[in-house]
Amino acid sequence: MTDRDRTNPATDESETDPTADGTTTPPTTDGDTTMPNPEPATTAETASDESTGESAAADADAATAESGRPAIAATDLSHAFGDVRVLDGVSLSVAPGEIVALVGPNGSGKSTLLRFLARVRAPDEGTVTIGASDGRARVGYLPQQPGFRAGFSATDTLDFYAQFVDDPVDVADVLERVGLAGAADRRVDALSGGMTRLLGLGRALVGDPAVVVLDEPASGLDPGMVERLFDIVSDLADAGVAVVLSSHNLGPVERTADRVVVLDGGRFVADGDPRAVVESVGAADLQTAFGDLVATEEVTGR
Ligand SMILES: Nc1ncnc2c1ncn2[C@@H]1O[C@H](COP(=O)(O)OP(=O)(O)OP(=O)(O)O)[C@@H](O)[C@H]1O
């Protein structure tokens, strides 16, 4: 460990990615870093660096909302891992203040699609555009398995990420919002799995992004925290933030999401408000509709 490493909660070998100008980018252990990108990146092609995670951006300001432009738009995304075709020409636009829940069987490609939306990876084909009236864009991203460098506190960790955004960040407030105020001084390696996910959510919120992409944010949370998580999501949307999340918690999804998008076989097999999706198959609730819409006998995304 170098001297710099000792003062940098985000510089371990798997995470650090010095940018071209020598500055250090904030990391996560899975490479799905959430960070501001100093260069506006309006398409997936321009942001294919896996290490950069969060891209450049702007606030979901009133002008954006008034312009009618989507906060984020993915067009004709296709992707294969070897001979495993995961996405087959899917398109998705999300308006400022809209909550879109991406659901689908294990292996259907949700995380893959969310990585493309967060622009931590680029698809084989298609574009991702972040809409912002001033030409800037910022996406906050919670990866499915957020990771943090051991040895630093929750506060230290968010302080580190806060230095990469323009405006001052009230880290204590961020921790309070995600339910970690009581663990502010706890080392990240002493956090439980659910608490680590909440810290990942906090990291995604640093800098008040216009778009938030959350990969299974409720996974591993206790029932009370699941409710709190979806309350946070609702509050974000009320503040004009576009939220795209994946979840297997279909009850809260049905109650909270403005739109449910069901991914299966590389395509969207349903896309609409929860009630419409449920009614489209004559189901009683989203859980039942999900069973009717997708084949869950085997893991998909083969
Ligand atoms: N880096 C990779 N290399 C090879 N295959 C991959 C890679 N990432 C994902 N896959 C494959 O792509 C498919 C979709 O995976 P993905 O993680 O996107 O699914 P998911 O819907 O998020 O699943 P889950 O609900 O289990 O988290 C799976 O078959 C998976 O094995």
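Source: prediction; values computed, not measured.

### Structural notes on the overall build of the protein
Phase 1 of the analysis: Of regular secondary structure, the protein possesses 10 helices and 11 strands.
Phase 2 of the analysis: Taken across its 302 residues, the protein has 50% of its residues classed as buried.
Phase 3 of the analysis: Summarising the internal contacts of the protein: among those between residues at least 6 apart in sequence, 69% fall at separations of at least 24.

### Digging into unusual backbone geometry
Phase 1 of the analysis: Of note in this structure, aspartate 76 is not a glycine but carries a positive phi near 55°.
Phase 2 of the analysis: Of note, aspartate 76 is situated in strand β3 (residues 72–81).
Phase 3 of the analysis: Positive phi outside glycine occurs at glutamate 216, with the angle close to 50°.
Phase 4 of the analysis: Note on placement: glutamate 216 falls in the loop between β8 (211–215) and α7 (223–238).

### Considering the packing of helix α4 (residues 154–162) against helix α6 (residues 193–205)
Phase 1 of the analysis: The contact between α4 and α6 brings their axes to 9 Å, and the two run at 25°. The angle between α4 and α6 places the two elements in the roughly parallel class. In terms of crossing hand, the pair formed by α4 and α6 is right-handed. Contacts between α4 and α6 involve Ala154, Thr157, Leu158 and Tyr161 on the former and, on the latter, Leu199, Gly202 and Arg203.
Phase 2 of the analysis: Per-class residue counts for the contact of α4 with α6 are 4 nonpolar, 2 polar and 1 charged.

### Considering the sheet that holds strand β4 (residues 84–94)
To summarise the sheet geometry, strands pair through backbone hydrogen bonds and adopt either a parallel or an antiparallel arrangement.
Phase 1 of the analysis: An order of β4-β3-β6 is seen for the 3 strands of this open sheet, with the pairing classed as antiparallel. Each end of this open sheet is capped by a strand with a single partner; those strands are β4 and β6 (125–130). Looking at each pair of strands side by side, their axes are set apart by 20° on average, direction ignored.
Phase 2 of the analysis: With 8 bridges joining them, β3 and β4 adopt antiparallel strand pairing. Across the sheet, isoleucine 72 pairs through a bridge with valine 94, a residue of β4.
Phase 3 of the analysis: The sheet contacts of helix α3 (residues 110–118) involve β3, β4 and β6, and relative to β3 the element is tilted by about 130°.

### Focus on the environment of alanine 204
Phase 1 of the analysis: Its place among the elements puts alanine 204 in helix α6.
Phase 2 of the analysis: For alanine 204, a count of 28 C-beta atoms within 10 Å puts it in the buried group.
Phase 3 of the analysis: Sequence spacing of alanine 204 and tyrosine 141 is 63 residues, and the spatial spacing of their C-alpha atoms is 5.0 Å.

### What about the confidence of the model for the protein?
Predicted coordinates in regions of low pLDDT should not be interpreted in detail.
Phase 1 of the analysis: Confidence in the prediction of the protein, expressed as mean pLDDT, is 80, and 73% of residues score 70 or more.
Phase 2 of the analysis: Mean pLDDT in the protein bottoms out at strand β1 (residues 17–18), which sits at 27, and peaks at strand β5 (residues 99–103), which reaches 98.
Phase 3 of the analysis: Contacts of residues 1–6 to residues separated by more than four positions or lying in other chains number 3 contacts, the stretch itself having pLDDT below 50.
Phase 4 of the analysis: The low-confidence segment residues 11–65 (pLDDT under 50) makes 156 contacts with residues lying over four places distant or belonging to another chain.
Phase 5 of the analysis: Reported confidence for the predicted complex is 0.98 by ipTM and 0.81 by pTM.

### Remarks on the sheet that holds β5
Phase 1 of the analysis: Spatially, the 6 strands line up as an open sheet ordered β7-β8-β9-β5-β10-β11, and their pairing is mixed. The open sheet has two edge strands, β7 (139–142) and β11 (267–272), and neither has a second partner. Direction aside, the axes of adjacent strands within the sheet are offset by 15° on average.
Phase 2 of the analysis: Along the sheet, α6 makes contact with β7 and β8, crossing β7 at roughly 170°.

### Notes on the pairing of β8
Phase 1 of the analysis: β8 sits mainly inside the fold: 5 of its 5 residues count as buried.
Phase 2 of the analysis: On β8, burial covers both faces: Val211, Val213 and Asp215 on one face and Val212 and Leu214 on the other are all buried.
Phase 3 of the analysis: One ladder, built from 4 bridges, connects β7 with β8; its direction is parallel. Opposite glycine 140, over in β8, you have valine 212 as the bridge partner.
Phase 4 of the analysis: As paired strands, β8 and strand β9 (residues 242–246) are joined by 5 bridges and run parallel to one another. Across the sheet, leucine 214 pairs through a bridge with leucine 245, a residue of β9.
Phase 5 of the analysis: Read as a crossover between parallel neighbours, the route from β8 over α7 to β9 is right-handed.

Rules of the game
- Residues numbered from 1 in each chain as written.
- Predicted model: local features only at pLDDT ≥ 70, side-chain atom pairs only at ≥ 80, totals over all residues.
- Helix = DSSP H or I, 4+ residues; strand = E, 2+ residues; numbered from the N terminus.
- Buried ≥ 20, exposed ≤ 12 C-beta atoms within 10 Å, placed from the backbone.
- Contact = placed C-beta atoms within 7 Å.
- Axes fitted to C-alpha atoms, helices over the stretch in contact; angles between N-to-C directions.
- Parallel < 35°, antiparallel > 145°, perpendicular 65-115°, else oblique.
- Left-handed = near helix turned anticlockwise from the far one by under 90°.
- Nonpolar A, V, L, I, M, F, W, Y, C, P; charged D, E, K, R; others polar.
- Pairing = 2+ DSSP bridges.
- pLDDT = per-residue confidence, 0-100.
- Right-handed = clockwise from strand over helix to strand, strands pointing away.

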